[in-house]
Amino acid sequence: MKDPITISITGAAGNIGYALLFRIASGSVFGADQPVNLHLIEIEPALPALQGVVMELDDCAFPLLKNIVATADLAEGFKNADWALLVGSVPRKAGMERNDLLGINGKIFTGQGQAIAANAKPTCKTLVVGNPCNTNCLIAMSNATGLPKNQFFAMTRLDENRAKSQLAAKAGVHSSQVTNLCIWGNHSATQYPDFVHAKIDGKPVTEVISDREWLEGEFIATVQQRGAAIIKARGASSAASAANAALDTVMALSTPTAEGDWHSVAICSNGEYGIEPGIMASMPIRTKADGSWEVVEGLEIDDFSQGKIDATIAELKEERDAVKDLIPG
Ligand code: NAX
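Residues numbered from 1 in each chain as written. Predicted model: local features only at pLDDT ≥ 70, side-chain atom pairs only at ≥ 80, totals over all residues. Heavy atoms only, no water.

In the nomenclature of an unreviewed UniProt entry, the protein is known as Malate dehydrogenase of Haloferula sargassicola. Quoted verbatim from the Function (unreviewed entry) field of the UniProt record, the comment on the protein reads "Catalyzes the reversible oxidation of malate to oxaloacetate." Under the UniProt heading Sequence similarities (unreviewed entry), the note attached to the protein is "Belongs to the LDH/MDH superfamily. MDH type 2 family." (UniProt positions renumbered as here; feature names shortened; annotations may be inferred.)

See the structure below:
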């Protein structure tokens, strides 16, 4: 049997946490031969609810789940972490401006970035889900002194999965037939789901779906507004699909990407595609056989796509400027 790996999860008593933990503990993420420790991190008021989740995990008697830590202490929570999944954050409330939210959550991610650097394994990978996830991730990464920037990610996989499902429905195919779908930029209503490079059964989407007006209009708007549509229908924000996307991201970053394909995740730009270095932007990513990853470079960006990418990157720059006091150096 392998040595256990440790997965630290903030917001573990929340909705996404509830949909995440049992799949990790069951072995469906890291494999049927990989034991796991779960470090569940919550704020003090949520610790009683977290105890209930721990009781349920115990009651599953998962063979692969070796140890559970439930804590509000960041040092204990991130100790020896192989993965840090930062899900917890303060939701936007009525009357709160975007910048207020950035400021409140920014402070959370400063401390968490520092605690990951001080306590997690030097190889720990961090995935930020809590919104605004790109900028929260930028703050965590910037405060995690000593850890490589390429170990920090913000989630846009839910947007990728949503876009694949919309294209599949329009083309009358299964979503698994849609590949090469890149979400560019921010996980927000400015994101650009790139249909130009996406493929259906290996053919360009634009050859399979001839309705360019739909692609440029309704398709993009549906993906951008999908989160809001789910809140309207369900009375609560996406949880199971968000947890699923977080686990898809972990798996996509842990296993080699299929030949010719890519996946979407926000990473710290090194200037690829003219995106300002240091911006946490979603791009097409390939995971290599040795476990490292690279940006897929050389895609031709047409004028329509460039306009959309510029808009979402402009928003990310605004967000970064709003939290510049939380970014050392
Ligand atoms: P919930 O409100 O159900 O749960 C959040 C949990 O985080 C709560 O239990 C709360 O006590 C905890 N928490 C708050 N501050 C914390 C801190 N400083 N340390 C540790 N825990 C803390 O929200 P849920 O539905 O689980 O959503 C979690 C986050 O995911 C939200 O920020 C949400 O906006 C974001 N989402 C991100 C998505 C993405 O694609 N990146 C999609 C889904 C979701 O909207």
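After presenting the structure, the write-up continues.
A. Spatial organisation of the overall build of the protein. Within the protein one finds 11 helices and 14 strands. For the protein, buried positions account for 51% of its 329 residues. Across the protein, the fraction of contacts at a sequence separation of at least 24, relative to all contacts at a separation of at least 6, is 72%. Only carbon and sulfur atoms are counted for the fraction: they give 51% of the accessible area of the protein, which is about 14100 Å². (Helix = DSSP H or I, 4+ residues; strand = E, 2+ residues; numbered from the N terminus. Buried < 20%, exposed > 50% of the residue type's maximum accessible area, 1.4 Å probe, protein only. Contact = heavy atoms within 4.5 Å. Areas by Shrake-Rupley, 256 points an atom, 1.4 Å probe, with all protein chains shown as cover.)

B. A look at the sheet that holds strand S7 (residues 178-179). In space, the three strands of this open sheet follow the order S7-S10-S11, with antiparallel pairing throughout. Each of the sheet's edge strands pairs with one partner strand only, and the pair in question is S7 and strand S11 (203-204). Pairing geometry for strand S10 (residues 199-200) and S11, over two bridges, is antiparallel. Among the inter-strand pairings, Lys-199 is bridged to a residue of S11, identified as Pro-204. (Pairing = 2+ DSSP bridges.)

C. Inspection of the site of the ligand at higher detail. As a structural note, the neighbourhood of the ligand is formed by 25 residues, with Asn-15, Ile-16, Glu-42, Ser-89 and Asn-131 the closest of them. Within the side chain of Glu-42, a nitrogen or oxygen atom sits 2.6 Å from an oxygen atom of the ligand. Gln-112 places a polar side-chain atom, nitrogen or oxygen, 3.5 Å from a nitrogen atom of the ligand. Protein burial of the ligand: of its 870 Å² of free accessible surface, 83% is covered by the chains. (Near = heavy atom within 4 Å. Polar contact = N/O pair within 3.5 Å; in protein donor to acceptor, adjacent residues only side chain to side chain.)

D. Seen up close, the pattern of salt bridges. In the structure shown here, the tally under the stated rule is 13 salt bridges. When the shortest N-O distance is used, the salt bridge between Lys-317 and Glu-276 registers 3.6 Å. With Lys-317 in helix H11 (residues 303-322) and Glu-276 in the loop between strand S12 (263-268) and strand S13 (280-287), this residue pair connects regions lying 41 residues apart in the sequence. Assessed through its relative accessible area of 29%, Lys-317 is described here as partly exposed. Measuring nitrogen to oxygen at the nearest pair gives 3.8 Å for the salt bridge that ties Lys-288 to Glu-294. Judged by its relative accessible area of 34%, Lys-288 falls in the partly exposed class. On the basis of relative accessible area, Glu-294 is assigned to the partly exposed category, the value being 32%. A single network of salt bridges, built from pairs that share partners, joins Arg-157, Glu-160, Lys-164 and Asp-248. (Salt bridge = Lys/Arg side-chain N within 4 Å of Asp/Glu carboxyl O.)

E. Representation of the packing of aromatic side chains within the structure. Under the defined criterion, the tally for this structure stands at eight aromatic pairs. Arranged with centres 4.9 Å apart and planes meeting at 80°, the rings of Trp-184 and Tyr-273 form a pair that is edge-to-face. Of this pair, Trp-184 sits in strand S8 (residues 182-184) while Tyr-273 sits in the loop between S12 and S13, placing them 89 residues apart in sequence. The exposure class of Trp-184 is buried, given its relative accessible area of 0%. Ring centres 5.9 Å apart and planes at 50° place the aromatic pair Phe-195 and Phe-304 in the tilted group. Taken together, the residues Phe-195 in the loop between strand S9 (192-194) and S10 and Phe-304 in helix H11 connect sequence positions 109 residues apart. For Phe-195, a relative accessible area of 0% puts it in the buried group. (Phe/Tyr/Trp six-rings, centres within 6.5 Å; stacked < 30°, edge-to-face > 60°.)

F. Quick look at the UniProt feature "domain: Lactate/malate dehydrogenase N-terminal" (unreviewed entry) in the protein. Under the UniProt annotation, the feature "domain: Lactate/malate dehydrogenase N-terminal" (unreviewed entry) is placed at residues 7-153. Secondary structure within residues 7-153 divides into 44% helix and 18% strand; the distance between the first and last C-alpha atoms comes to 15 Å.

G. Here's a closer look at the pairing of strand S2 (residues 36-41). The element S2 is largely enclosed, with a buried count of six among its six residues. What you see with S2 is no split at all: Val-36, Leu-38 and Leu-40 on one side and Asn-37, His-39 and Ile-41 on the other are buried throughout. With six bridges connecting them, strand S1 (residues 5-10) and S2 associate as parallel partners. Residue pairing across strands places Ile-5 opposite Val-36, the latter belonging to S2.

H. Just the environment of Asn-161, in detail. By the element assignment, Asn-161 lies in helix H6 (residues 157-171). Sequence separation of Asn-161 and Leu-85 is 76 residues, and the distance between their C-alpha atoms is 19 Å. Leaving out residues up to four positions away in the same chain, Asn-161 has contacts with Asn-244, Ala-245 and Asp-248.

I. Representation of unusual backbone geometry within the structure. Backbone torsion omega between Asn-131 and Pro-132 reads -5°, so that peptide bond is classified as cis. You will see that Ala-61, though not glycine, has its phi angle at about 45°, which is positive. Its place among the elements puts Ala-61 in the loop between helix H2 (47-60) and strand S3 (65-71). The phi torsion at Tyr-273 lies on the positive side, around 55°, for a residue other than glycine.

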